[in-house]
Amino acid sequence: MEKALCPKIGMKFQLEDKTYNFYNRYGLVVRFSVRKDYLNKDKDGVVTSRRYTCCKEGFKRRYEGDVKPKKTRAETKTGCEAKMGIILNRETMKYQVRDLVIEHNHTLHISECAHMMRSQRKVSISQGTQTEIANDAGISLKQSHELIGKEAGGLGNIGYTRNDLKRYLQTKRERGLKYGEAGTMLRYFKEQKLENPSFFHAEQLDCEEQITNIFWADALMLMDYTYFGDMVTFDTTYKANKEYRPLGVFVGFNQFRQLVIFGATLLYDETVESFKWVFSTFVEAVCGMHPKTIFIDQDTAMAAAISAIVPLTYHGLCTFHIRVNFMKYLGNYYKDGSNLSYRFAECMYEIQDENEFIMAWDAMLKEHKLETNEWLRGIYPYRKKWAKCFMKGPWTVGIRSTQLSESLNASIKKYLKIDHDLVQFFKHFNRVVDEKRYNELRTEYHSRQKLPMLGLQQTPILIQTASIYSLCMFVAFQNEYDESTTMVILDQKHTTMHVEYSVSQYDGGRERRVTLNPITKDITCSCNLFEQEGILCSHALKMYDMVGTKFIPNQYVTKRWTKKARSGGSVDCKDREISSNPSLSIFHRYRLLASEMVRLATRAAMSEAATKLDSSVMSELSKRVKMLFCGEIDEITQNSASMDLCKEIQVQNVAGHFVTPTGLKK
């Protein structure tokens, strides 16, 4: 084989690249690395002569300074004269070997080290794609390199080193940012919108036409808001990138009481004007549908923006942040045996009567001598936004804090790093979103696979709710139903249209007033559980049982908690029906083809003859698929000039004109 590949004087080649490939292949067999030496071109840019040498040609330049460096690189060059020179024959327009030296003056490499020689190292397209997919999935470079080595039968068979893989990914990222961070981000949004027209994004420019605030929401986020956007939490405590730009995420609850994401924003700052822009853009994205309730932390700028943009939305304060601030400002009051934290928690979570709250609050201040404490005096005027007794009316779905956002922040920290650029940020943020959606899909599967546990009391109302509610909501309803069996009726009062009952637990407890219309089956309870969470309380269920109502009336089945919560269509801000995944058919075809290809490759690898046959057929098939796509791509290019991503992408500035952003404001 070495003799067949050995270069000879007078050998001819059609192209200069083919000459290099021939000599490099010869270097692989002989075990030396090839380096491209001098190059001559004519006035038309045509290569007229070139020389290829051994990588050990020449000598290292001697240091000529006065002070020698502490560390120097080891010698690698030995003055080897092995080379091959070519010249262009003007008559035949072919390259001919004119100068040739075969002998080397150094020890050649062994075959096991051939993949480490510089001229032999190359990351192929398929290997690069596989590495990119692994990197996007959060697999480390070391693990990705080892995985490809396992598939190839050893690290020596893949044709490159881990450093080559690192340089490949770095070059890929640099090319991805060739338009700058702003241009790259806008092109990402453009690609997403081409993939699904319902993808929504908006950018705010300052007077210098730099991007300050960014908002985006994909089609599934908008669909989720249609079904579950009645309660939203919003938080900006997580700083997303190396500029410490705050990441804000709009989050809610689905029918399984799991987290769903409605939209996300990257902010320049946390001022009232920035929050106003974010909330108004969010309302625009969801077709003007305001949430019933929104929970935030104790941010005054955020609160002012909510009051201005969505004044009819109930604005609640996060109880978790209030407890954190309580520890921050009153931690020095803690002493052995102090009950201050318990008294404060009682006011926040336990007390259910407003007058009782006022009395307990005053007693707490007096007992611990906190009448002049600035933080407590500052939080008290907002008691209707955080104390349980003042929050009986607002719709909360059982949420009292931004714990959903805090839970999402914990997931984001696993995937995002502070030094990620915008391209990496969007890729890894999508991993967080995909994880949450897959968790919901898994819960959906289990809810259909597993039957609800009805227990011993298989009453008609439990059988009905088991078939209607999601699994977790049925458990919550069943708990209320079980508790209703411990209720007793203390008193009843009849009016023209209603009957009013006094209900309490048999062993005491707070008395509740339940009003029932015997004809329409309309029912209300002073505990306001249905008005807050959309599920009937034990007091109401006790009354239904007493009057012989065996099924829940339709008006008390909240759709967002049912198995059919996602039924019905949804439209985007352009009044187009939203498609959750228009490219789903592509994934189905890919899954079918990938399994077939893997099965064929596994079978063919058992035999040398089968491997050669498979390789030749796949090569021919690849050419035919490429030819098939060439015609389609030409047609798409001609018909979609307006969608060309290489064109300048413009954004509306503060004056209402469309301009090209000058960059992302730091």
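The structure we're discussing is the one just above.
Bear in mind the structure is a predicted one, so any value in this text is a computation, not a measurement.

Notes on a nonpolar patch on the surface
Logical step 1: Among the surface-exposed residues, M597, L600, M618, L621 and V625 lie close enough to one another that they form a single nonpolar patch of about 380 Å² accessible area.
Logical step 2: Counting only elements with at least two residues in the nonpolar patch, the list comes to α20 (584–604) and α21 (608–639).
Logical step 3: No other element matches α21, which puts three residues into the nonpolar patch.
Logical step 4: The topology assignment puts L621 in helix α21.

Some remarks on the environment of L165
Logical step 1: Within the secondary structure layout, L165 lies in helix α5 (residues 162–176).
Logical step 2: You can call L165 buried: its relative accessible area is 0%.
Logical step 3: Placed 38 residues apart in sequence, L165 and Q127 show a C-alpha to C-alpha distance of 9.2 Å.
Logical step 4: Not counting residues within four places of it along the chain, the set of residues in contact with L165 comprises V123, T131, L141, S144, H145 and Y160.

Details of the packing of aromatic side chains
Logical step 1: For the coordinates displayed, the defined rule picks out 42 aromatic pairs.
Logical step 2: Their ring planes at 90 degrees and their centres at 6.4 Å tell us that F234 and F275 sit as a pair that is edge-to-face. You can see F234 sitting in strand β8 (residues 231–239) and its partner F275 sitting in helix α8 (residues 272–285), a full 41 residues away along the chain. The same class applies to F234 as to F275, namely buried.

Quick word on the environment of V514
Logical step 1: Within the secondary structure, V514 sits in strand β15 (residues 508–516).
Logical step 2: Looking at V514, the relative accessible area reads 0%, which means it is buried.
Logical step 3: Measuring from C-alpha to C-alpha, the distance between V514 and A540 comes to 6.6 Å, with 26 residues separating the pair along the chain.
Logical step 4: With near-sequence residues (within four places) excluded, V514 lies in contact with V499, E500, Y501, V503, I523, T524, C525, H539, A540 and M543.

Concerning the nonpolar core
Logical step 1: W216, F234, F250, F279, F425, F429 and I523 are the most contacted members of the largest nonpolar core, which has 101 residues in total.
Logical step 2: Looking at which domains feed residues into this core, each of domain 3 (181–435) and domain 4 (460–561) gives three or more.
Logical step 3: Excluding anything up to four places from it in sequence, I523 contacts V514, T515, L516, L536, A540, M543, Y544 and Y556.
Logical step 4: In terms of nonpolar packing, the next biggest core, distinct from the first, is built from 22 residues, L317, F357, I379 and C389 among them.

Quick notes on the sheet that holds strand β14 (residues 499–505)
Strand-to-strand pairing in sheets goes through backbone hydrogen bonds, with the strands running parallel or antiparallel.
Logical step 1: Spatially, the four strands line up as an open sheet ordered β13-β14-β15-β16, and their pairing is antiparallel. Two strands lie at the open edges of the sheet, namely β13 (487–494) and β16 (523–525), each paired on one side alone. Strand-to-strand, the axes of this sheet are offset by a mean angle of 25 degrees, without reference to chain direction.
Logical step 2: Direction of pairing for β13 relative to β14: antiparallel, over a ladder of seven bridges. Residue pairing for β14: Q492 is matched across the bridge by Y501.
Logical step 3: Against the sheet, helix α19 (residues 538–547) touches β13, β14, β15 and β16, its axis set at about 60 degrees to β15.

Quick word on the packing of helix α16 (residues 460–468) against helix α17 (residues 471–484)
Logical step 1: Following both chains from N to C, one finds α16 and α17 inclined at 165 degrees, their axes separated by 10 Å at the closest point. By the criterion of interaxial angle, the relationship of α16 to α17 is roughly antiparallel. In terms of crossing hand, the pair formed by α16 and α17 is right-handed. Taken together, the residues of α17 that come into contact with α16 (itself represented by I461, L462, T465 and A466) are F474, F477, Q478 and Y481.

As for helix α14 (residues 403–415)
Logical step 1: When the terminal C-alpha atoms of α14 are compared, their 19 Å separation across 13 residues agrees well with the 18 Å that a helix rising 1.5 Å per residue should span.
Logical step 2: Here α14 has its buried residues at L404, S405, L408, N409, S411, I412 and Y415. For α14, the arc enclosing every buried residue in end-on projection is 165 degrees, short of the 170-degree limit, so these residues lie on one face. Opposite the buried face of α14, at more than 90 degrees from it, the exposed residues are K413 and K414.

As for the pattern of salt bridges
Logical step 1: For the structure on display, the rule yields 20 salt bridges.
Logical step 2: With a shortest N-O distance of 3.5 Å, D99 and K83 are connected by a salt bridge. Here D99 is found in strand β5 (residues 94–101), whereas its partner K83 is found in strand β4 (residues 83–89), with 16 residues between them in sequence.
Logical step 3: A salt bridge links R599 to E596; the shortest N-O distance between them is 3.2 Å. Highlighted residues: R599 and E596, both in helix α20, separated by three residues, approximately one helical turn.
Logical step 4: Here E596 falls in the partly exposed class, since its relative accessible area comes to 43%.
Logical step 5: Among the ionic contacts, a cluster of salt bridges with common partners joins R121, D164 and R167.

Focus: the pairing of strand β3 (residues 47–54)
In the case of a regular strand, side chains alternate between the two sheet surfaces.
Logical step 1: With seven of eight residues buried, β3 lies mostly within the body of the structure.
Logical step 2: Hairpin connection from strand β2 (residues 34–41) to β3: five residues lie between these consecutive antiparallel strands, with G45 at a positive phi of about 85 degrees.
Logical step 3: Looking at chain direction, β3 and β4 are connected through five bridges and run antiparallel. Paired with Y52 across the bridge in β4 is M84.

Rules behind the numbers
Residues numbered from 1 in each chain as written. Predicted model: local features only at pLDDT ≥ 70, side-chain atom pairs only at ≥ 80, totals over all residues. Heavy atoms only, no water. Patch = residues over 30% accessible without salt bridge, like charges linked within 9 Å, V, L, I, M, F, W, Y side chains within 5 Å. Areas by Shrake-Rupley, 256 points an atom, 1.4 Å probe, with all protein chains shown as cover. Salt bridge = Lys/Arg side-chain N within 4 Å of Asp/Glu carboxyl O. Helix = DSSP H or I, 4+ residues; strand = E, 2+ residues; numbered from the N terminus. Buried < 20%, exposed > 50% of the residue type's maximum accessible area, 1.4 Å probe, protein only. Contact = heavy atoms within 4.5 Å. Phe/Tyr/Trp six-rings, centres within 6.5 Å; stacked < 30°, edge-to-face > 60°. Core = buried A, V, L, I, M, F, W, Y, C linked by side-chain atoms within 4.5 Å. Domains from an automatic or database assignment. Pairing = 2+ DSSP bridges. Axes fitted to C-alpha atoms, helices over the stretch in contact; angles between N-to-C directions. Parallel < 35°, antiparallel > 145°, perpendicular 65-115°, else oblique. Left-handed = near helix turned anticlockwise from the far one by under 90°. Expected span 1.5 Å × (residues − 1). Arc of directions from axis to C-beta.

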